[in-house]
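Structure assessment
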Amino acid sequence: MKIDSTKRYEGLRERLGNGDVDRRTFMALLGYAGLVAGVSGGVMTGLSRHALAAGTELHFEGWGGVVSEALRKHAFDPYEKKTGNTVIDATFGGEAEVLTKVRAAGSTDGHNILHSSGVSWYKRWVDAGYGSELNEANIPNIANVMESIMAPFRAITPDSLSAVPYDYGTTGIAYNTEHVSKAEAEKLGADLLLDKELKGKIGGWGGDWANRAWYGALQSGQDPNDIQDWDAVWEKVREHRELVLKYWSSGAELMDLLAKGEIYVTEAWSGRVAALQAQGHPIGYLDPKNGLAWMESMFVLKGSPMAEAEELLNFMLDPQTAIAVAEGQKYPPSLDPQKVAMTEVIEGLPAYDPTGKLEGLVFRDPSVWNPVEKDQRKAWNRIKKGA
């Protein structure tokens, strides 16, 4: 559904009336939207015949590698061709660096849409005051999104959404089948990452303290969403550190280390492993009991050109687009398989749930993890440096 100039203006004017933007910002947003109209006393006197000609720039930040390639090919390029708008995509190592930049600048300028890490980060962005208010009427394809994946976001912001869930997956354990058997991997589970015989051939994600803690909890026999002994968690993390060749910092680096055989075992993102398997690499994948599942969203930051952002989100949620992206990035889409027919490729992806209820997956509870982040992140940073 094309959002016409009148709807663009009405949306901006509503934000002005609600006090979400001041008049100076309102005028700037009119320019971003191509609505160079005569505005006097809050009344629009006319719309430029060139309203959509110049287009709008949307700044997108994501995880890079095969994920960004899939988004560019199947979503961004077709969207640009259809609308005349431009999606400027960049890669981040993690959302923390984006949040730091936004806070330092005191503005979200140059940051519009993030491929955000699910519910924990959704709450963090909203609590920091950077949440937007999406007009769901401009995103009709949201009706096809699983209610089970929407519910955690609506629980945080019941009155409006700042993001739309887009995909989900798991962080399980990848292993080189030429050096580790399936039987051995299944027997050891999370403890495969602590196998001393594999010292120097083990990797790990170093960019996320919570990921390290989740596996430390599993290895110390605890429920990751109900950790009672943090000392035991970090002791297991220290044990793992002594065996690690390298902590990887991006999905591209993860794939490179596994593909070249520099490491044989590491926790890994399910989609990246699926991509390696599709390329013919001898990589197996295991989701240990109570392994970490996650969902990702397209988060729209406050101050973004909302009509254009909503139009992009609706385009991305179109079943044809969402399925093509999912097949490209190897993560199941957020669309409800009870409403939208999936392909054999999607049905064969790790973590795929044909019921659409996601009852078999364990997600991080933000009410448990977010309050301890400050102290526990410090603990991880000390251990990472050798303490």
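Once a new chain begins, its residue numbering starts again from 1 and follows that chain's sequence as written. Selection of residues for local features in this predicted model requires a pLDDT of at least 70, selection of side-chain atom pairs for listing and counting requires 80 or more, and totals for whole chains, interfaces and linings are taken over all residues. The side-chain quantities take in all heavy atoms of the structure and omit both hydrogens and water.

1. Quick notes on the pairing of strand β11 (residues 292–300)
By the criterion of burial, β11 is predominantly enclosed, with nine of the nine residues buried. Any two strands with at least two DSSP bridges between them are considered paired. Put simply, DSSP marks the helices as runs of H or I at least four residues long and the strands as runs of E at least two long, and each gets a number from the N terminus on. The pairing of strand β6 (residues 163–176) with β11 spans eight bridges and is classified as antiparallel. Bridged to P165 within β11 is S297. Pairing analysis gives two bridges linking β11 to strand β12 (residues 362–363), with the strands arranged parallel. Within β12, the position partnered with A293 by the bridge is F363. Each residue is placed in one exposure class: buried if its accessible area under a 1.4 Å probe, protein chains only, is under 20% of its type's maximum, exposed if it is over 50%, and partly exposed if it falls in between.

2. Looking at the side chain of T266
For T266, the location among the structural elements is in strand β9 (residues 265–269). In this structure T266 comes out as buried when scored by relative accessible area, which is 0%. Any pair of N or O atoms that falls within 3.5 Å is considered a polar contact. Within protein, one atom must be able to donate a hydrogen and the other to accept it, and sequence-neighbouring residues count only if both atoms are side-chain atoms. At 3.4 Å, the side chain of T266 forms a polar contact with the backbone nitrogen of G204. In this description, contact between two residues means that some pair of their heavy atoms is separated by no more than 4.5 Å. If we ignore the near neighbours within four places in the chain, the residues touching T266 are G172, I173, A174, L193, G203, G204, W248, L254 and L258.

3. Observations concerning the pattern of salt bridges
Basic side-chain nitrogens of Lys or Arg form a salt bridge, by our definition, when they fall within 4 Å of a carboxyl oxygen of Asp or Glu. Counted according to the given criterion, the structure contains 15 salt bridges. Between R238 and E235 there is a salt bridge, and its shortest N-O distance comes to 3.8 Å. One end of the pair is R238 and the other is E235, both in helix α9 (residues 230–241) and three residues apart, which spans about a single turn. The partly exposed category is assigned to E235, whose relative accessible area is 46%. A salt bridge links E242 to R241, with the nearest nitrogen and oxygen atoms 2.4 Å apart. Counted as one network, the salt bridges with shared partners bring together R72, D77, E80 and D89.

4. Some thoughts on the packing of aromatic side chains
Aromatic pairing here means that ring centres of Phe, Tyr or Trp (its six-membered ring) are within 6.5 Å. Orientation follows from the plane angle: under 30 degrees is stacked, over 60 is edge-to-face, and everything else is tilted. Taken as a whole, this structure holds 18 aromatic pairs when the rule is applied. Ring plane angle 40 degrees and centroid distance 5.7 Å describe the contact between W121 and W125, whose orientation is recorded as tilted. Of this pair, W121 and W125 both sit in helix α5 (residues 118–127), four residues apart, roughly one helical turn. Looking at W125, the relative accessible area reads 0%, which means it is buried. Through pairs of rings, three or more aromatic residues link up here, namely W121, Y122, W125, Y130, F153 and F299.

5. Considerations on the side chain of E95
Mapped onto the elements of the fold, E95 is located in helix α4 (residues 95–105). Under the convention used here, Asp and Glu are negative, Lys and Arg are positive, and both His and the chain ends fall outside the count. Comment: no salt bridge for buried E95; closest opposite-charge side chain is R124, at 6.9 Å. For E95, the side chain forms a polar contact with the side chain of S116, separated by 2.7 Å. Side-chain polar atoms of E95 contact the side chain of W125, separated by 2.8 Å. Those residues in contact with E95 that lie beyond four places of it in its chain are L114, H115, S116, S117, W121 and W125.

6. Some points on unusual backbone geometry
Its identity as a non-glycine residue notwithstanding, N290 has a phi of 60 degrees, on the positive side. On the secondary structure map, N290 appears in the loop between β10 (283–286) and β11.

7. Let's talk about α4
Each α-helix turn comprises 3.6 residues. Residues three or four places apart therefore point the same way. Regarding α4, the residues found buried are E95, V98, L99 and V102. When α4 is viewed along its axis, its buried side chains cluster within an angular range of 100 degrees and face the same direction. Turned more than 90 degrees off the buried face of α4, the exposed positions are T100 and A104. In this structure, the buried side of α4 is in contact with β3 (57–62), β5 (113–116) and α5. After α4 finishes, the residue G106 shows a positive phi value of roughly 70 degrees. When we speak of the arc, we mean the arc of directions from the helix axis to the C-beta atoms.

8. Concerning the pairing of β10
Along β10, one buried face is formed by I283 and Y285 and the opposite face, lined by G284 and L286, is buried too. Note that β6 and β10 share four bridges and pair antiparallel. The residue of β10 that forms the bridge with Y175 is G284.

9. A short note on the packing of α9 against helix α16 (residues 373–384)
Where α9 meets α16, the closest approach of the two axes is 10 Å, and the angle between their N-to-C directions is 25 degrees. Comparing their axes, α16 and α9 come out roughly parallel. Relative to α16, α9 is oriented so that their crossing is right-handed. Contacts between α9 and α16 involve W230, W234, V237, R238 and R241 from the first element and Q376, A379, W380 and I383 from the second. Taken together, the residues that form the contact of α9 with α16 break down as six nonpolar, one polar and two charged. Where helices are involved, their axes are fitted lines through C-alpha atoms of the stretch in contact, as for all axes, and angles between N-to-C directions lie from 0 to 180°. We call two directions roughly parallel when the angle between them is under 35 degrees, roughly antiparallel when it is over 145, roughly perpendicular when it lies between 65 and 115, and oblique otherwise. Note: crossing handedness is left-handed where the near helix turns anticlockwise from the far helix by less than a right angle, and right-handed where it turns clockwise. The nonpolar class holds Ala, Val, Leu, Ile, Met, Phe, Trp, Tyr, Cys and Pro. Asp, Glu, Lys and Arg form the charged class, and all remaining residues, Gly among them, are polar.

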